[in-house]
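# Architecture at a glance
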Amino acid sequence: MTIFWGLMIPFIGTTVGAACVLFMRRELKPLIQKALLGFAAGVMVAASVWSLLIPAMDMSEDMGRLAFVPAAVGFVIGIAFLLFLDRAIPHLHIGCDESEGPKCTLKKSTMLVLAVTIHNIPEGISSGAVFAGLLTHNTNVTVAGAFALSIGIAIQNLPEGFIVSLPIRSEGKGRGKAFLYGTLSGIVEPIAGGITVLLAAYITPILPYLLAFAAGAMIYVVVEELIPESAEGSHSNIGTIGFASGFVLMMILDVALG
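Residues numbered from 1 in each chain as written. Predicted model: local features only at pLDDT ≥ 70, side-chain atom pairs only at ≥ 80, totals over all residues. Heavy atoms only, no water.

## A look at the packing of helix H2 (residues 30-59) against helix H9 (residues 207-231)
As a packed pair, H2 and H9 sit with axes 8 Å apart at the nearest point and diverge in direction by 160 degrees. On the basis of the axis angle, H2 is roughly antiparallel to H9. Crossing of H2 over H9 shows left-handed handedness. Tallied by class, the residues present in the contact of H2 with H9 amount to 24 nonpolar, three polar and two charged. (Axes fitted to C-alpha atoms, helices over the stretch in contact; angles between N-to-C directions. Helix = DSSP H or I, 4+ residues; strand = E, 2+ residues; numbered from the N terminus. Parallel < 35°, antiparallel > 145°, perpendicular 65-115°, else oblique. Left-handed = near helix turned anticlockwise from the far one by under 90°. Nonpolar A, V, L, I, M, F, W, Y, C, P; charged D, E, K, R; others polar.)

This is the structure in structure tokens:
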């Protein structure tokens, strides 16, 4: 049950965020959206460093000066994996009119959900990898540290669920359908995390690579989507302030609980 709730916490964050659309009457103000996007980016960067890359290098300390190799290799593979998904899956970023990936006839709302789903996959893998390390009694992973990562991802998912639901609502969809779409964008997280945990016995030798893989995938999302969206137009400093707030909060969570 500890692992179950650990994997479900990020999804609960997305659901709670999406539920805000049930009470909102208007679209989210651009300044607030910038702050929330920046905040999410800050949380993801801090989680990638403290919860994923540093533990990956700690697990490889027996390699001596080459302890960076699993972290570096996994990180690059994670970037490449998200680049592949970006090109292979049709999706639409928030605030854009032109879709990315293969040409298709999917509805705009569906492609919005797919865009968020793409970068929820590495978040699910990251929480699953940490709990897999816990399950295999890896000394570099603690219960508090694993839950710190899950809580951090859940906090980041709050604005994410909110931001993906509102455009769907503004398209004319009902509140219930907008909430459903926002919630479904996060369902891939416990699924990806659960699969990772089920493979725990097999991934133990490559756990450092897997942690770094999740970090690389998350950083790709930050650089490709969140930071550009939070910085475009005027008042880009709002996104920067949001980034700093999210980074500091996640850093405190990880160090205090880990």
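## Here we look at the UniProt feature "transmembrane region" (unreviewed entry) in the chain
The UniProt record annotates "transmembrane region" (unreviewed entry) at residues 6-24, 36-54, 66-85, 178-203, 209-227 and 239-257. Secondary structure across residues 6-24 divides into 74% helix and 0% strand, with the first and last C-alpha atoms of the span separated by 29 Å. Regarding residues 239-257, the helix share stands at 100% and the strand share at 0%, and the terminal C-alpha atoms are separated by 27 Å. (UniProt positions renumbered as here; feature names shortened; annotations may be inferred.)

## Quick word on a nonpolar patch on the surface
A cluster of nonpolar side chains, Leu180, Leu184, Ile187, Ile191, Ile195, Leu198, Leu199 and Tyr202, forms an exposed patch at the surface whose accessible area comes to about 830 Å². Listing elements by their share of the nonpolar patch, those giving two or more residues are helix H6 (175-184) and helix H7 (188-198). For the nonpolar patch, the leading source of residues is H7, giving three residues. (Patch = residues over 30% accessible without salt bridge, like charges linked within 9 Å, V, L, I, M, F, W, Y side chains within 5 Å. Areas by Shrake-Rupley, 256 points an atom, 1.4 Å probe, with all protein chains shown as cover. Salt bridge = Lys/Arg side-chain N within 4 Å of Asp/Glu carboxyl O.)

## Comments concerning the nonpolar core
Membership of the largest hydrophobic core comes to 50 residues, with the highest contact counts inside it found for Leu52, Ile125, Val130, Leu149, Leu211 and Leu226. No other element matches the 14 residues that H9 contributes to this core. Contacts of Ile125, omitting those with residues within four sequence positions, involve Ala192, Gly193, Thr196, Leu210, Phe213 and Ala214. Core analysis: the next-biggest nonpolar cluster, separate from the first, contains eight residues, Val113, Phe162, Leu166 and Ala178 among them. (Core = buried A, V, L, I, M, F, W, Y, C linked by side-chain atoms within 4.5 Å. Buried < 20%, exposed > 50% of the residue type's maximum accessible area, 1.4 Å probe, protein only. Contact = heavy atoms within 4.5 Å.)

## Describing helix H1 (residues 2-19)
The end-to-end C-alpha separation of H1 is 25 Å, in line with the 26 Å expected for 18 residues at 1.5 Å each. Taken as a whole, H1 carries its principal kink of about 35 degrees at Ile9; the proline Pro10 stands between one and four residues after it. Buried within H1 are the following residues: Gly6, Leu7, Met8, Pro10, Phe11, Gly13, Thr14, Gly17, Ala18 and Ala19. (Expected span 1.5 Å × (residues − 1). Bend = angle between axes of the 7 residues up to and from the residue.)

## Some points on the packing of aromatic side chains
This model, assessed by the stated rule, comprises five aromatic pairs. Taking the centre distance of 5.2 Å and the plane angle of 75 degrees together, the rings of Phe4 and Trp5 count as edge-to-face. Between Phe81 and Phe213, the ring centres sit 5.3 Å apart and the planes meet at 45 degrees, which makes this aromatic pair tilted. Of this pair, Phe81 sits in helix H3 (residues 68-88) while Phe213 sits in helix H9, and the two are 132 residues apart along the sequence. Following the ring pairs from residue to residue traces out a cluster consisting of Trp50, Phe243 and Phe247. (Phe/Tyr/Trp six-rings, centres within 6.5 Å; stacked < 30°, edge-to-face > 60°.)

## Quick look at the side chain of Asp254
Here Asp254 is to be found in helix H10 (residues 236-257). Although Asp254 is buried, it makes no salt bridge; Arg65 carries the closest opposite charge, 26 Å away. (Lys, Arg positive; Asp, Glu negative; His and termini not counted.)

## Side note on the environment of Leu53
Inspection of the secondary structure assignment puts Leu53 in helix H2. Each C-alpha atom of the pair Leu53 and Pro70 lies 9.4 Å from the other, and the pair is 17 residues apart in sequence. Apart from the residues lying within four places of it in its own chain, the contact partners of Leu53 are Ser48, Ala71, Phe75, Ala212 and Ala215.

## Some details on the packing of H1 against H6
Between H1 and H6, the least distance of the axes is 8 Å, while the angle of their chain directions is 160 degrees. When the axes of H1 and H6 are compared, the pair comes out roughly antiparallel. As H1 packs across H6, the resulting crossing turns out to be right-handed. For the pair formed by H1 and H6, the contact residues are Phe11, Thr14, Thr15, Ala18 and Ala19 on the first element and Phe179, Gly182 and Thr183 on the second. When grouped by side-chain class, the residues that make up the contact of H1 with H6 number four nonpolar, four polar and no charged.

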